Amino acid sequence: MAPRKQQEIFDATLRLVAERGYDGLTVEGVAERSGVNKTTIYRWWPSKAALLGAALVEADVLGFDPPDTGSLRGDLVALVEGMAALLTRPPARDIALAALAAAVRHPELDGRRFFADRFARERPVFERAVRRGELSRTADPMLVVDLLAGAVWVRAVFRGQPATGGFAEEAVSAVLDGLAASQVAR
């Protein structure tokens, strides 16, 4: 399938799930919006769960390139800012929230693929930091990402508060520097 047509299918899939939720997402609806026959879609993806899973990883609208600012701190701040943008700006926000809700309610939609793909793309940030001597080889990159992503999700999605201003820098400092009394007074 041509890459442009595939992106049109993914875009239609993500916009439909954002508008109608997973239950309202249909291969027929995606076919209609993308101008592709539904048999063509089924040839590539055997179910709407498989189609949505592929769209979450491959769609341009959720595209992600890992930052390379030259420092671990700078890269992590850029990652947090990217996560915050993803969860606060339409259409990505609507897609992320609908996909999360679908993954919770529908086990056939394996959200782990999306998170595994994101983490694989984030891993070079940590590999470079180890090479530069900024991070111990024993540090757990997934824990760092989980702590930062959790902070963004709780702030932006669950509390509905802005994750802007100095939020990214504060979250990264809390993870990298801790919250010891000597650090809080800065």
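Note: the structure precedes this text.
Residues numbered from 1 in each chain as written. Predicted model: local features only at pLDDT ≥ 70, side-chain atom pairs only at ≥ 80, totals over all residues. Heavy atoms only, no water.

### Details of the overall build of the chain
For the chain, the count of helices and strands is 10 helices and 0 strands. Counting from the amino terminus, helix and strand elements in the chain follow one another as α-α-α-α-α-α-α-α-α-α. Projecting the C-alpha coordinates of the chain onto the three principal axes gives extents of approximately 60 × 35 × 25 Å. Expressed as a percentage of the 186 residues in the chain, the buried residues total 40%. If you take every contact in the chain between residues at least 6 apart in sequence, the share linking residues at least 24 apart comes to 67%. For the chain, the accessible area works out to roughly 10200 Å², and carbon and sulfur atoms hold 54% of it. Measuring between centres, the 24 positive side-chain charges of the chain sit 2 Å from its 24 negative side-chain charges. (Helix = DSSP H or I, 4+ residues; strand = E, 2+ residues; numbered from the N terminus. Buried < 20%, exposed > 50% of the residue type's maximum accessible area, 1.4 Å probe, protein only. Contact = heavy atoms within 4.5 Å. Areas by Shrake-Rupley, 256 points an atom, 1.4 Å probe, with all protein chains shown as cover. Lys, Arg positive; Asp, Glu negative; His and termini not counted. Charge placed at Lys NZ, Arg CZ, Asp CG, Glu CD.)

### Observations concerning the environment of Ala92
Here Ala92 is to be found in helix α6 (residues 92-105). The residues touching Ala92, leaving out its near neighbours within four places in the chain, are Leu62 and Leu86.

### Remarks on the packing of aromatic side chains
Applying the stated criterion to the full structure yields 4 aromatic pairs. A centroid spacing of 6.4 Å and a plane angle of 45° characterise the contact between Trp44 and Trp45, whose relative ring orientation is tilted. Its relative accessible area of 45% is what places Trp44 among the partly exposed residues. Relative to Phe115, the ring of Phe114 lies with its centre 5.2 Å away and its plane at 80°, an arrangement referred to as edge-to-face. Members of the aromatic cluster, connected to one another through ring pairs, are Phe10, Trp44 and Trp45. The side chain of Lys48 reaches across the aromatic face of Tyr22, ending 4.3 Å from its centre. (Phe/Tyr/Trp six-rings, centres within 6.5 Å; stacked < 30°, edge-to-face > 60°. Lys NZ or Arg CZ within 6 Å of the ring centre and 35° of its normal.)

These figures come from the coordinates and say nothing about function on their own.
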